Amino acid sequence: MKTCIIGASGKLGRYLVGHALELGHEVVGVCRTQSCAKLADFAERIRIVPGATNDRAVIAEATADCDTVLCVLVPWSRQHYASGTAQAVLDLAPPDARLVFSCGWHISRDGLDVYPLGFRILIAIFGRLARLIRFVDIDDQVEACRRIFASDRRWTVVRGSDLEEGESEGLPVWSRHVGDPILASNRTRRTDFALFMVDAIGDESLVHEAPAIVSRCSPSARRHAPADGGS
Ligand SMILES: NC(=O)c1ccc[n+]([C@@H]2O[C@H](COP(=O)([O-])OP(=O)(O)OC[C@H]3O[C@@H](n4cnc5c(N)ncnc54)[C@H](OP(=O)(O)O)[C@@H]3O)[C@@H](O)[C@H]2O)c1
């Protein structure tokens, strides 16, 4: 299995690389030129394609012949970075490739998510502040996901809860809507977010789904998890 990891040098990206290598995948990583050193630990075992993730030539080269594309969608700056990245992957990855994208709970596929008041306030304040200082553009990550949801490619959009570092707690559980009781604890280990994305590659039931995930060890998951761990 040949897997392209877009945004490979970030915290989530490095976990994705590690998990994919453990499973024996051939890995191609895309990262900004100035960040390639962050992949030094893996340099002997992966091919690195340096460049911006919304550079279509970079994405075309990196995803060529790949069975799978794991894409970290980040809403950096005001240059349509997330939507440009998503569009390049949708347009240029091989036609049958399995596409798995990351984002946060704030993305809603069908508008049926029910967010806690504190979460809504945080997103509103952070989004406005970030737009003001032109640091992050959350609306562009929303646009990126809108395009993915409208696509007939074989996609999954994994929506992460609040993240923390630490040892794996196992494959997270998921549900279709934020607000479902199983998700109430709102925390997942970052390594397990990556585990879920890599595991999704082989899970056909997650094609055209936007699972919101939470640690299987969290109190809400322990209280409400179905036997199969899914929605
Ligand atoms: N942080 C959270 O609590 C949280 C919660 C839920 C979901 N998520 C989702 O998890 C995913 C990863 O988030 P993360 O917080 O863990 O971050 P992360 O893995 O550290 O990823 C940050 C990424 O952004 C890139 N980046 C940094 N500055 C940039 C810039 N100015 N221009 C372009 N790219 C830049 C980094 O590349 P370099 O290595 O080149 O810097 C890296 O690939 C995202 O999809 C996010 O929506 C995060």
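That block above? That's the structure.
Read on for an overview of the structure. Note that the coordinates shown come from a computational prediction; the quantities given were computed from them, not determined experimentally.

1. Structural notes on the overall build of the protein
The helix and strand inventory of the protein stands at 7 helices and 10 strands. Computed over C-alpha atoms, the radius of gyration of the protein comes to 17 Å, within 12% of the 17 Å expected from 2.2 N^0.38 for 231 residues, which places it in the range of a compact globule. Residue burial in the protein is summarised as follows: out of 231 residues, 44% are buried.

2. Focus on the pairing of strand β6 (residues 154-160)
The element β6 is largely enclosed, with a buried count of 6 among its 7 residues. Where strand β5 (residues 98-104) and β6 come together, 7 bridges link them in parallel fashion. Paired with G104 across the bridge in β6 is G160.

3. Section: the site of the ligand
Every one of the 23 residues lining the ligand counts as a neighbour, but S9, G10, L12, S35 and G160 are closest to it. Of all the secondary-structure elements, those providing two or more residues to the shell around the ligand are α1 (11-22) and β5. Here the residues of the shell around the ligand are counted per class, giving 9 nonpolar, 9 polar and 5 charged.

4. Focus on helix α6 (residues 190-200)
Most of α6 sits inside the fold, with 9 of its 11 residues counted as buried. Along α6, the residues that are buried comprise T191, D192, F193, A194, L195, F196, M197, V198 and A200.

5. What about the nonpolar core?
As a rule of thumb, soluble globular proteins bury nonpolar side chains together. Judged by nonpolar contacts, the single largest core of 65 residues is most densely connected at L16, V69, V89, F101 and M197. For this core, the leading source of residues is α6, giving 7 residues. With residues up to four places along the chain from it excluded, the contact list for F101 reads C71, L73, A86, I148, W155 and V157.

Conventions used here
- Residues numbered from 1 in each chain as written.
- Predicted model: local features only at pLDDT ≥ 70, side-chain atom pairs only at ≥ 80, totals over all residues.
- Helix = DSSP H or I, 4+ residues; strand = E, 2+ residues; numbered from the N terminus.
- Rg over C-alpha atoms; globule rule 2.2 N^0.38 Å.
- Buried ≥ 20, exposed ≤ 12 C-beta atoms within 10 Å, placed from the backbone.
- Pairing = 2+ DSSP bridges.
- Near = placed C-beta within 6 Å.
- Nonpolar A, V, L, I, M, F, W, Y, C, P; charged D, E, K, R; others polar.
- Core = buried A, V, L, I, M, F, W, Y, C linked by C-beta atoms within 7 Å.
- Contact = placed C-beta atoms within 7 Å.

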